[in-house]
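Here's the letter readout for the chains.
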Amino acid sequence: MRLLLFRLTVVLLLAANATAADRPNILFLFSDDHAINAISAYGGPLADVAPTPHIDRIAKEGSVFLNSFCANSICGPSRATILTGKHSHKNGFMRNGNNFDATQWTVAKELQQGGYSTAVIGKWHLKSSPEGFDHWEVFPGQGNYYNPVFIQMDGSRKKFEGYATDLTTDKAISWLEQRDPTKPFFLMCQHKAPHRTFSPALRHLGVLDDVTIPEPATLFDDYANRSSTLRGNEMEIDRHFDWAYDAKVRKDERGSVQLPKPDRYGTPEYNRMTDSQKAKWDAYFGPRNKLFLADFAAGKLSDEDVVRWKYQRYIKNYLSTVRAVDESVGRMLDYLDRHDLTDNTIVIYSSDQGFFLGEHGWYDKRWMFEESFRMPFLARWPGHIRPGSRPSGLIQNIDYAPTFLQIAGLPCPDDVQGRSLVPLMKGDDSHWRSSLYYAYYELGEHAVPQHFGVRTDRHKLIYFPLTDEWNLFDLQRDPQELQSVHASVDYRQTRAELEAEFLRLRTEFEAPPFPARR
Ligand code: SGN
Ligand code: CA
């Protein structure tokens, strides 16, 4: 009842004081698996070799949130959290493969009812069809890079020739062209890139040929001094990166050369291409693969050399897919400029979780370790966000829905678990939170076990229920998280505080019991 009255008052006030078009537009630019280390505005180790000038423009004219995290480092759950402002156990989407209960409250529905034109284009990955959007056009499941299929609003599937990132951008722009201009808009433009299998736009093949990408210090991590479950992972560049599927060395290119395992999958993205697209791919990868295979067959490469070669192959393809995402951001910002929309639009760039770019020897995400736990979050909002600001408060994807609502001047339901980021955007971090709750529920592909934890600005406590192990990291002394100090007497006090905070958060968020021990 209270919410209803509030909603009515808001609508009346909006009608009296402002034309709907005065309310800010919300442009949510989103990608899949884009680690902050691959965004130059975050100043990571790859900033010089692979800059992202258009994403950086958002940072320059707005802010980079330095401590942005996800609630559950996996695709569908992150997206469900963004739409609902709730942890996975509350919105019911705990693992990829779940079906999003579209009857529940979402921020898209609220914005739509509150007078916004709403649309989502690109990767959706929540199985049930989008609701709360005036327009949508999304990939089935993970979607494809080349000549992808988009599901239409009538349920039919249509294949489009071209590259997923470009097509997603074209479709987002054409929706902006056709939208109802008397209403503010909420547009989610959601890319597949740079997700596995890291397949660049053909025009970007070779853009990083002249550089050697610096290797992360932990490329050859031995997984000692942490949970025993780390060793059971199946996401190592060394042991799991597939030759054809990931490293792009097709079986039909190898002649008599035998590559070591793993070599399980084919090349589905290559198979989708037209003959002329394949010709461009072959012209690039063909000769490079030949050189590698010759060296390999001649016994010139040690095991470590092979890992290093695979790392370069991986990271260059990954960063090349980012190149198209960055170009897309440039096109979207340019559209706002050319249509006089820049001043009244908040632009956010984010990605569903982070990703390991060789750190700990890994690709993929899932772990509560920094590289996958962190989500990029950059925002530009002229007149509200100070250009060049770098808020350091701990934020999480549960906060996005309440943020959108405050920007739109709409009420936020009591059961939303996140908090609006508008105060942080405006430079006020005086009453901000000091810890975050994390929960990961899958136990499947890549063999990362369920784990749960709490992070403060300095420490991280993780519980692995299947093995009943606890890890504690001092992020200031050990930023690479190589040594749990959980058993150290020096950390007795910290451990007790973190355990209490973990429990407090689990109570506050009404978290379910841990899965049973193995
Ligand atoms: C796919 C990928 C995995 C990836 C998951 C989750 N395999 O299953 O490597 O971890 O998606 O990614 S693939 O063979 O399909 O590329 S997520 O971003 O959707 O959560
Ligand atoms: Ca993802």
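All residue numbers here refer to positions counted from 1 along the written sequence of the relevant chain. Labels follow written order: the first chain is A, the first ligand is 1, and so on. Note on the predicted model: pLDDT of at least 70 is required for a residue's local features to be given, and 80 or more for side-chain atom pairs to be given and counted; whole-chain, interface and lining totals, by contrast, use all residues. Neither water nor hydrogens contribute to the side-chain values; these are computed over all heavy atoms in the structure.

1. Overview of the overall build of the protein chain
Working definition: helices are DSSP H or I runs of at least four residues, strands are E runs of at least two. Numbering for both runs from the N terminus. In terms of regular secondary structure, the protein chain is built from 13 helices and 15 strands. Computation of the radius of gyration draws on C-alpha atoms, with the globule rule given as 2.2 Å multiplied by the number of residues to the power 0.38. Its C-alpha atoms give the protein chain a radius of gyration of 23 Å, near enough to 24 Å, the size a compact globule of 518 residues would have. With respect to the three principal axes, the spread of C-alpha positions in the protein chain is 80 × 60 × 40 Å. Buried positions account for 61% of the 518 residues belonging to the protein chain. Residue contacts are defined here by distance: any two heavy atoms, one from each residue, within 4.5 Å place the two residues in contact. Restricting to contacts in the protein chain with at least 6 residues of sequence separation, those with at least 24 account for 68%. Taken together, the 62 basic and 67 acidic charged side chains of the protein chain have centroids lying 2 Å from each other. Throughout this description, buried means an accessible area under 20% of the type-specific maximum (1.4 Å probe, protein chains only), exposed means over 50%, and partly exposed covers the range between. When charges are tallied, Lys and Arg are placed among the positive residues and Asp and Glu among the negative ones, while His and the ends of the chain are skipped. Working definition for charges: the position is that of NZ of Lys, CZ of Arg, CG of Asp or CD of Glu.

2. As for the coordination of the calcium ion (ligand 2)
The protein atoms that coordinate the calcium ion (ligand 2) are Asp 32 (OD), Asp 33 (OD), Asp 352 (OD), Asp 352 (OD) and Gln 353 (OE1), at distances spanning 2.1 to 2.8 Å. For the calcium ion (ligand 2), the 6 donor atoms are set out with angles of 51 to 172° between them, so the coordination reads as irregular. Here the coordinating atoms are restricted to nitrogen, oxygen and sulfur within 2.8 Å of the metal centre, or 3.2 Å for Na, K and Ca, and because water is not among them the sites may look incomplete. In the primary sequence, the donor residues of the calcium ion (ligand 2) line up as D-D-x318-D-Q. You can see Asp 32 sitting in the loop between strand 1 (25–31) and helix 2 (53–61) and its partner Gln 353 sitting in the loop between strand 9 (345–351) and helix 10 (370–373), a full 321 residues away along the chain. Each member of the pair, Asp 32 together with Gln 353, is buried. Think of it this way: with four donors and all angles in the 85 to 135 degree range, the site is tetrahedral; with four or six donors, opposite ones beyond 155 degrees and the rest between 65 and 115, it is square planar or octahedral; otherwise it is irregular.

3. Description of the packing of helix 2 against helix 9 (residues 303–338)
Lines are fitted to the C-alpha atoms to define the axes, a helix being fitted only along its stretch in contact, and any angle between axes, read from their N-to-C directions, falls within 0 to 180 degrees. At a minimum axis separation of 7 Å, helix 2 and helix 9 run at an interaxial angle of 50°. One element, helix 2, and the other, helix 9, form an angle in the oblique class. In contact with Pro 53, His 54, Ile 55, Arg 57 and Ile 58 of helix 2, helix 9 contributes Asp 326, Glu 327, Val 329, Gly 330, Leu 333 and Asp 337. Side-chain classes follow a simple rule in which Ala, Val, Leu, Ile, Met, Phe, Trp, Tyr, Cys and Pro form the nonpolar group, Asp, Glu, Lys and Arg form the charged group, and the remainder, Gly included, forms the polar group. Each residue belonging to the contact of helix 2 with helix 9 can be placed in one class, and the counts come to 5 nonpolar, 2 polar and 4 charged. Throughout, the term roughly parallel applies to angles under 35 degrees, roughly antiparallel to angles over 145, roughly perpendicular to angles from 65 to 115, and oblique to all others.

4. Overview of the domain arrangement of the protein chain
Domain annotation for the protein chain reports domain 1 (2–198 + 320–430), domain 2 (206–313) and domain 3 (439–508). Computed from C-alpha atoms alone, the centre-to-centre distance between domain 1 and domain 3 is 28 Å. In this complex, domain 1 contributes 22 residues to the contact, which on the side of domain 3 involves 23 residues. Once two parts are put together, the accessible area they lose, assessed with a 1.4 Å probe and summed over both, is termed the buried area. Approximately 1900 Å² of surface area, both sides summed, lies buried where domain 1 meets domain 3, with 57% of it carried by carbon and sulfur atoms. In terms of surface lost to domain 3, no three residues of domain 1 exceed Arg 366, Trp 367 and Met 368, which account for 37% of the buried area on that side. Residue ranges assigned to each domain were obtained from an automatic or database domain assignment.

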